[in-house]
Structures are given as C-alpha cells and as structure tokens.
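Next come the chains, spelled out residue by residue.
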There are 2 protein chains.
Amino acid sequence: MTAAWRHGPVAVVGSGLIGTSIGLALRRQGADVYLQDVDPAKATLAAELGAGRDVDPPAEIGLVVVAVPPDELAGEILRGLARWPASVVTDVGSVKLAPLRALTGSGYDLARYVGGHPIAGSERSGPRAGAAGLFESRPWAVVPHEASTPAAVRVVDALVLACGARIVRTSAEEHDTAVARTSHLPYVMAVLTAASLSGATPLQSALAGSGFADTTRVADSDPALWSQILRRNAEPVRQLLVDVAADINELLSALTPGAQTRGGNGVLPVLQRGVAGRRAIYPAGDQGHHLDPG
Amino acid sequence: MTAAWRHGPVAVVGSGLIGTSIGLALRRQGADVYLQDVDPAKATLAAELGAGRDVDPPAEIGLVVVAVPPDELAGEILRGLARWPASVVTDVGSVKLAPLRALTGSGYDLARYVGGHPIAGSERSGPRAGAAGLFESRPWAVVPHEASTPAAVRVVDALVLACGARIVRTSAEEHDTAVARTSHLPYVMAVLTAASLSGATPLQSALAGSGFADTTRVADSDPALWSQILRRNAEPVRQLLVDVAADINELLSALTPGAQTRGGNGVLPVLQRGVAGRRAIYPAGDQGHHLDPG
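Keep in mind that what you see is a predicted model, and the values were worked out from it rather than measured.

(A) Representation of the sheet that holds strand β3 (residues 63–66) of chain B within the structure. Residue and element names in this part refer to chain B. Ordered by their spatial adjacency, 4 strands build an open sheet running β2-β1-β3-β4, and the pairing between neighbours is parallel. Sheet topology places β2 (33–36) and β4 (88–91) at the edges, where each strand pairs with a single neighbour. Pairwise comparison of adjacent strand axes, ignoring direction, gives a mean angle of 20 degrees for this sheet. Packing of helix α5 (residues 150–162) onto the sheet brings it into contact with β3 and β4, and relative to β4 it is tilted by some 50 degrees.

(B) Molecular detail of the relation of the copies chain A and chain B. Each copy of the sequence occupies a distinct position, and chain A is placed on chain B by a rotation of 180 degrees and an axial shift of 0.0 Å, giving an RMSD of 0.0 Å. Such a combination of rotation and displacement between the chain copies is what one expects of a two-fold axis. Residues of chain A ranked by C-alpha distance from the rotation axis are headed by T215 of chain A, positioned 2.0 Å from it. The overlap is high: 100% of the interface residues of chain A also sit at the interface in chain B, so the same surface is used on both sides.

(C) Spotlight on the interface of chain A and chain B. Residue-level contacts link 102 residues of chain A with 102 residues of chain B. Both faces combined, the contact of chain A with chain B buries some 9,100 Å², and carbon together with sulfur accounts for 68% of it. By the criterion of area lost to chain B, the three top residues of chain A are L207, R217 and L255 of chain A, representing 8% of everything that side buries. Linking chain A with chain B are 6 salt bridges. Put simply, R278 of chain A and D220 of chain B hold a salt bridge, and the shortest N to O gap is 3.1 Å. Counting every contact that joins chain A to chain B gives 14 residue pairs in polar contact (both at pLDDT 80 or more). Elements that contribute at least two residues to the side of chain A that touches chain B include exactly β6 (139–143), β7 (166–169), α6 (172–195), α7 (202–206), α8 (210–216), α9 (223–232), α10 (234–255) and α11 (268–281) of chain A. Among the elements that take part in the side of chain A that touches chain B, α6 of chain A stands out by supplying 19 residues, more than any other. Partitioned by chemical class, the residues of the side of chain A that touches chain B number 56 nonpolar, 28 polar and 18 charged.

(D) Structural view of the environment of A172 of chain A. All names here are of chain A. Along the chain, A172 turns up in helix α6. Given the relative accessible area of 7%, A172 is considered buried. The spacing of A172 and L97 is 75 residues in sequence and 5.0 Å in space, taken between C-alpha atoms. Setting aside residues up to four positions removed in sequence, A172 forms contacts with K96, L97, L100 and V143.

(E) Up close: the side chain of T20 of chain A. Within the secondary structure, T20 of chain A is located in helix α1 (residues 17–28). Discounting chain neighbours no more than four positions away, the residues touching T20 of chain A are S15, A46, A51, P127 and G130 of chain A.

(F) Quick peek at the environment of A132 of chain B. Residues and elements named next belong to chain B. With respect to the helices and strands, the residue A132 is situated in the loop between β5 (115–118) and β6 (139–143). Taking C-alpha positions, A132 is 26 Å from L81, a pair spaced 51 residues apart along the chain. Apart from residues no more than four positions distant in its own chain, A132 is found in contact with S21, L24, A25 and R28.

(G) Spotlight on the sheet that holds β6 of chain A. All names here are of chain A. With mixed pairing, the 3 strands of this open sheet are ordered in space as β5-β6-β7. Lying at the two open borders of the sheet, with one neighbouring strand each, are β5 (115–118) and β7. Direction aside, neighbouring strands of the sheet carry axes that sit 25 degrees apart on average. Across 4 bridges, β6 lies against β7 in parallel orientation. Within β7, the residue paired with V142 across the bridge is R169.

Reading the values: the criteria
Residues numbered from 1 in each chain as written. Chains lettered and ligands numbered in written order. Predicted model: local features only at pLDDT ≥ 70, side-chain atom pairs only at ≥ 80, totals over all residues. Heavy atoms only, no water. Pairing = 2+ DSSP bridges. Helix = DSSP H or I, 4+ residues; strand = E, 2+ residues; numbered from the N terminus. Axes fitted to C-alpha atoms, helices over the stretch in contact; angles between N-to-C directions. Contact = heavy atoms within 4.5 Å. Least-squares fit on C-alpha atoms with pLDDT ≥ 70 in both. Buried area = accessible area lost by both parts, 1.4 Å probe. Salt bridge = Lys/Arg side-chain N within 4 Å of Asp/Glu carboxyl O. Polar contact = N/O pair within 3.5 Å; in protein donor to acceptor, adjacent residues only side chain to side chain. Nonpolar A, V, L, I, M, F, W, Y, C, P; charged D, E, K, R; others polar. Buried < 20%, exposed > 50% of the residue type's maximum accessible area, 1.4 Å probe, protein only.

The structure is reproduced here in structure tokens:
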C-alpha cells in the first residue's frame, strides 16, 4: 500500500524507460508530474502515455528526479539543484560513486541531493517500454551522502514507496561494489555468451534453447548506455573480470586433453561454486526457476 | 498434433527428469512404456507419476530410450542393443560424438542405433521434475551415424513427434559444436557469474534483480552431471572459453585506469557483438524478453 503523494510537484528529467515509469507510478498517487527530455518528442510521448505533463515545470518543485544516462547525471543533478533552490534532487543512475565525486568536486551545496537506483528496468528502452508497475516489490537503493539532510532522505524514501518498491539504504561505494556483482558482471557475461553466437549457423540457431535465451537476455540492452555504466564503475567490474578470467583458466586446464587421466578434480569445484553463489542469493533454491536449461 | 504410438513397447532406461518426461509424453499417445533405473525407487516413483510400468520389459521391444548420464551412455546403449536384438535404440545425451566413438570402438553392429538429444530439461532433476509437456515445440536433435538404417531413423523421428518436439537432423560432430555454443558455454558462463556471488553480503543479496536471476539460473543444474557433459565435449567448450578469455582481456584493457583518456573504442565493440549474437538467434529481437535486467 502506498499513500497519496504529498511532497509537491515532481520534475522528471529524462523521459526514457525509467523516467516514464516513475511518472506513471507517481501519477497513480495523484502527484503533479512534469516531464522533460533533451528530445522533446520523448517527453511528449511520455505525457501521452499518462506519465505527466510535458510543459515547463513551475518555479516551486518538491522533487527533481534525474533519469538520464550516466555521463549526463552529474550535470543534470547540478542543474536541478540550481534551478529549483528549495527542491530535493535524486537520480536513478546505475552507478553512484563517480557522479557523487563529480558533484562533490563542483563545490556546490549537496544537502538537498540524495542518490537513488531502482533495481528494475528492461533490455528495452524509451517511453513506450515504461510501466507504472515496473518497480513493484523491487529493491531501490537510496544512497545518502554525508551532506544529505534527513528531510531530503525522507522525500526520496517517499518516492520509492510511492513507486511500490523496497528501500535499500546504502552508501555510494557499497552500492557500486554490490551492483558490479549483481548487475554489471551478469550483463557482461551475458554479452560474452551472446557474442559467441554472433556467427551462428542455422543449426546453431535451431538448437538454441531457453538456457541460451535466459543467460543472454540482458545482452539485448542498449550498448551505448551500458558502455557508460561500465566505464563509470570500471574498477569493481575490472576486479570481478580478473576473477572470472582466473576461473576460466582453471576450467581450461581441467578441459585440456589428458587432464582427466592425470587426476585432479576437473571442472567440478568451479561448478559447485556456481551453485553456492545461487544459494547465497536464493537460500531456498526456488527462485528464478522454470523449466529448460537448454 | 501427434499420432497414436505404433512402434511397439518402449523401454526407458533411466527414470530421471528426461526419462520420466518421455514416459509421460509417450503414455499420452497410448504407448506401452517400461521404466528402468539403477535406483529402483526412481523407476517406481516415475511409474506412480504415470510414466509407465516399473516391471521387467518383454523380450520384444520396439524402441529403447537410454536416458542416463553421459558417462553411462555408451555402456547402456550397447546393453540395449544386445538385450533387444530387434529393437531400435536411441539416447538423450547432451553430447553425441564421445559416446558414438566409444560405440564404434566396440565393434558392435550399430545399424539400429540413432542418437538423439531433446533441447529441453530443467535445472531440477529426478522423476518429480518430469512433465509430459517438457518437449512441446522444443528442438530435438536426431543424430544418425553412417551405419544407422532409415527404418531406425523413422522410429526415432516418431518418438520426437510423439513428444510434441521438432526434429532437427544433424551429425554428431555438428551437434556437439552447436550445443557447445548454445548450451554448454551458456551454462559455464552462468556458473562463473553465480560463483562471483558465493560470498555475497546481505546488501548484495538485497540488490540482486532479475538480471542476475536469469543470467545465473542454469547454474543451479546438477554439477556432477554437467561435469560429465563438459568433459565429454571438452574441445569445443575449451575453444569457446579461449575466445571468451580473449574478449575479457579486451574488456580489461578498456577498463584499465586511463584507458578512456588514451582513446580507443572502449568496451563498446564487445557489447555490440553481444547484441549481434542475440540477433543471430532471435532475428525479430522479441524472444526471450521480459522486464527487468536488474
């Protein structure tokens, strides 16, 4: 259950998938939502879909939600803080530390800024992919920094609840390390798996099952957007890829001709670590399951 | 639509997920199915679930379906050929060349043997995971070798159709190269992704979305079974992993501090190859899709 929105008009900067979905969710709570986009046609489409109005926002705004690609985040957050001097400002970026450093480096007073990151989305993009229920029961990282005021945090918490999501409080650094594991590495691995099929024969296409479909699904996401995400969270992702490369070397030597007869545990220890990783996230072992690994 | 089964009694050797599902599907077509397993309790359970009878098969059998782990395949196929001298014998193994080589090496007449591989399954195992509809509309590789008779191929084709699956005709070598890409590599990549979460913090668990869930789902599959599959298809899998390692090196150098300012295309080319791989399998770009890459 969510209460009616009572934190004033909301400006959504960026009318893509996430911005549009937030507008749709807030409109359900009766919020007064103003949609913007560098591409005015996108804001208009989002408005037509019911996510708010594509007119200039009033001078007094309660909350600015910055929903733009990672490279634009810091700039749009600063613009929001400057344009609406009494408003809380949050964002929905997949990376939190790099923009926070850029903001801190600007010397601007960041008391009204609180970072955010809804763990929801789609490999599709644009307003048409938006949905009011996109965030329902999903985690949404709320990421205050040391200068964020408690009042600003409360408004961002209210946004999360208004969208039906679950508040996960964390720091920018912890957030980035976590999503490197839970989101950025899975994306990269899906890409590498899909890439191996880029020259697929008709037979290979015919034999692809739902194991391939599921494992590679997120590889359909926008490469330009993800390129920014990975560059802005480069170090945690790089460390994970170094570990993956070591695991691959272990598998390669276990699969080398003759390795089986020379003894050793073969590939089994790596495979068992995979099961352990699933159990760490899904202790009951019954989530994310359906038939057919292909 | 499938016709009533008219190829005589069927012996299913191995009453796990696949054997039980085949029994259930054939029973729907009125086939007389005999279930076996090294663990008699499994055959009994499969029989209780309606997949056939757990009694000794008659001397005259029309088809033997060998549904045992890769390491047991060749032995059970030979046993089937010897025990039922007029019966066609097929199997459901995920790897085709290694068992075929073992069979050929045995010197036994293989005219009545035709390999098979339904591209369906589950990360769960055992009779209880079985389902009559498991193979519905799925590809099922039918893999004759040079000595297989046309009559034997027809019986195995009939099995595939009776299970509601689609016949994909191929050779053992082509099959193994294809599934290395479409199934074995995706499994390994899911394992490596999941393994990176084996020491997950509560925050990391809280932030795992459906991107992680989907990308790692098949990592839940039985490591002992997969260990056999990978060893028996070691060379194609090894070659793919060498390519993945090269892609990872490309990403690592693009993500190295300073790489961005030194120019270069960064991670984008690899990410775009991922999209190309998805398009190679799903030209319309609308399969395997649902919300939330996490």
